[in-house]
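Chain by chain, the residues run as shown.
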Amino acid sequence: MHLLNRRTVLTTAAAGAGALALGRPALAAGQSYDVFTASPQGALVDSTLILGEDSALLIDAQFAKADAVRLADQIEATGKRLETIFVTHIHPDHHMGTSVIAARFPDAKVVAHPAIAGILAEVGQGIFDSRRDLAGYDADDPWSAPQAHEGPLTLEGENFEVLDPMQGDTALITPVALPQFDAIVASDIVYNGLDIWLAETQTPEDFAGWRAALDTLDARPERIIIPGHRAPDTKDDRSGIEWTRKTLDGWEQAKAVATDRDSLAKAMEEIMGVDPTGLFAGFAIAATYPE
């Protein structure tokens, strides 16, 4: 595998095709990790692939079918056997593609923390069905529900810690620590450089819980922070934590001065610098002031 410049990878993603930053140095014996960033149509969501000498572990499985297919292609190109697909939380952009990838690697187990697996057992199929057309799936495309998994994720004798569920852009998100690579997969507790899903951040408890989760990640020793979503040219570092904190502060201020949808949209633009017609902003406005 050859080393791809990170900027080139993300610029390609922004142009409409996800890509793996292949060839990171193996910081654990025989292992390395790669990050796949979706197209804008796939919400620029990150999937993290951990590569062993013979096998692989995937964290999060993409939203758009086209991105899931590209991710499966690039996993296949590594020549590794995918053993596990881990889903960090219930939002569809992290699990819609499980069946696409599992179909390519039929021996791979689709798993999640028991709390996440339990919720998805009840509502996951409905989520998939309601977003099937938006994500580019055919009417007969299946969805693979994750099974409950307790303890660390394991690949070729190396353990990767699944942290307890914590608040992010939804109530329960399970980051995964990769201390062997000085990294943590923050999932949707951390965004970097782009619009944030704020529709579920409405109460003081929501704000406090998300900020506490950011503090928890910030206090950890890992220096590499892999966000759930990213803008092109952003880095895998603590700048994502600061971006998310700043956005939360602005969102709380915007909500405090708004009295209706129009005033909230204006406040988001003036206080947060967010386009109210952007990727996720409209959902936040609608959730705050339902029609």
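Throughout what follows, the structure given in this document is the object of discussion. As the structure is a prediction and not an experimental result, all values here were calculated from the model.

## Thoughts on the pattern of salt bridges
Working step 1: Taken as a whole, this structure holds 19 salt bridges when the rule is applied.
Working step 2: For K65, the salt bridge identified is with D138, shortest N-O distance 3.3 Å. In this pair, K65 is assigned in helix α2 (residues 65–78) and D138 in the loop between α4 (114–131) and β7 (147–148), connecting sequence segments 73 residues apart.
Working step 3: Notably, a salt bridge pairs E242 with R245, separated by 2.5 Å at the nearest N-O pair. Here E242 and its partner R245 are both found in helix α6 (residues 239–257), three residues apart, which amounts to about one turn of the helix.
Working step 4: Relative accessible area serves as the criterion here: at 43%, E242 is assigned to the partly exposed category.

## Description of the nonpolar core
Working step 1: Residues I189, V190, L198, W210, L217, W251 and M268 are the most contacted members of the largest nonpolar core, which totals 38 residues.
Working step 2: Sequence-distant contacts of M268, that is, excluding residues within four places in its chain, are made with W251, A254, G273, V274, A281 and I285.
Working step 3: The next biggest cluster of nonpolar side chains, apart from the first, holds 29 residues, and it includes F36, L58, M96 and A102.

## Concerning the packing of α6 against helix α7 (residues 261–272)
Working step 1: At a minimum axis separation of 9 Å, α6 and α7 run at an interaxial angle of 140°. When the interaxial angle is binned, α6 and α7 end up oblique. For the pair α6 and α7, the sense of crossing is right-handed. When α6 is examined against α7, the residues T247, G250, W251, Q253, A254, K255 and V257 are found in contact with a partner set consisting of L264, A267, M268, I271 and M272.
Working step 2: Residue composition of the contact of α6 with α7, grouped by class: eight nonpolar, three polar and one charged.

## Details of the side chain of T48
Working step 1: Within the element layout of this structure, T48 appears in strand β3 (residues 46–51).
Working step 2: Those residues within four positions of T48 in sequence are excluded, and the remaining contacts are Y33, D34, V35, L57, L58, I59, L178, V185 and I226.

## Considerations on the environment of S39
Working step 1: When you line up the elements, S39 lands in the loop between β2 (32–37) and β3.
Working step 2: Along the primary structure S39 and S55 are separated by 16 residues, whereas in three dimensions their C-alpha atoms are 26 Å apart.
Working step 3: Within the structure, the side chain of S39 is placed 2.9 Å from the side chain of D67, a separation counted as a polar contact.

## Details of the pairing of β3
Working step 1: The buried fraction of β3 amounts to six of the six residues, a majority that puts the element mostly inside the structure.
Working step 2: Burial along β3 is two-sided: D46, T48 and I50 facing one way and S47, L49 and L51 facing the other are all buried.
Working step 3: Looking at chain direction, β2 and β3 are connected through six bridges and run antiparallel. The residue of β3 that forms the bridge with V35 is T48.
Working step 4: Alignment of β3 against strand β4 (residues 55–59), held across four bridges, turns out to be antiparallel. Bridge pairing links L49 to L58 in β4.

## Re the pairing of strand β11 (residues 183–192)
Working step 1: Of all 10 residues that make up β11, 10 are buried, and the element is covered over most of its length.
Working step 2: Note that strand β10 (residues 176–178) and β11 share three bridges and pair antiparallel. The residue of β11 that forms the bridge with L178 is A183.
Working step 3: Turn length for the β10-β11 hairpin, with the two strands adjacent in sequence and antiparallel, is four residues, and the turn residue D182 shows positive phi of about 55°.
Working step 4: With respect to chirality, the unit in which β11 leads through helix α5 (residues 204–219) into the neighbouring parallel strand β12 (residues 224–230) is right-handed.

## Some remarks on a nonpolar patch on the surface
Working step 1: A surface patch of nonpolar side chains, about 180 Å² in accessible area, is lined by I119, V123 and L172.
Working step 2: Considering the arrangement of structural elements, one finds V123 in helix α4.
Working step 3: The class of V123 is partly exposed, set by a relative accessible area of 35%.

## Topic: α6
Working step 1: Between the first and last C-alpha of α6 there are 27 Å, a value that for 19 residues agrees with the 27 Å anticipated at 1.5 Å per step.
Working step 2: Buried residues of α6: G240, I241, T244, T247, L248, G250, W251 and A254, and no others.
Working step 3: Where the residues of α6 are buried, they touch β11, α5, β12, α7 and α8 (281–288).

What counts, and at which threshold
- Residues numbered from 1 in each chain as written.
- Predicted model: local features only at pLDDT ≥ 70, side-chain atom pairs only at ≥ 80, totals over all residues.
- Heavy atoms only, no water.
- Salt bridge = Lys/Arg side-chain N within 4 Å of Asp/Glu carboxyl O.
- Helix = DSSP H or I, 4+ residues; strand = E, 2+ residues; numbered from the N terminus.
- Buried < 20%, exposed > 50% of the residue type's maximum accessible area, 1.4 Å probe, protein only.
- Core = buried A, V, L, I, M, F, W, Y, C linked by side-chain atoms within 4.5 Å.
- Contact = heavy atoms within 4.5 Å.
- Axes fitted to C-alpha atoms, helices over the stretch in contact; angles between N-to-C directions.
- Parallel < 35°, antiparallel > 145°, perpendicular 65-115°, else oblique.
- Left-handed = near helix turned anticlockwise from the far one by under 90°.
- Nonpolar A, V, L, I, M, F, W, Y, C, P; charged D, E, K, R; others polar.
- Polar contact = N/O pair within 3.5 Å; in protein donor to acceptor, adjacent residues only side chain to side chain.
- Pairing = 2+ DSSP bridges.
- Right-handed = clockwise from strand over helix to strand, strands pointing away.
- Patch = residues over 30% accessible without salt bridge, like charges linked within 9 Å, V, L, I, M, F, W, Y side chains within 5 Å.
- Areas by Shrake-Rupley, 256 points an atom, 1.4 Å probe, with all protein chains shown as cover.
- Expected span 1.5 Å × (residues − 1).

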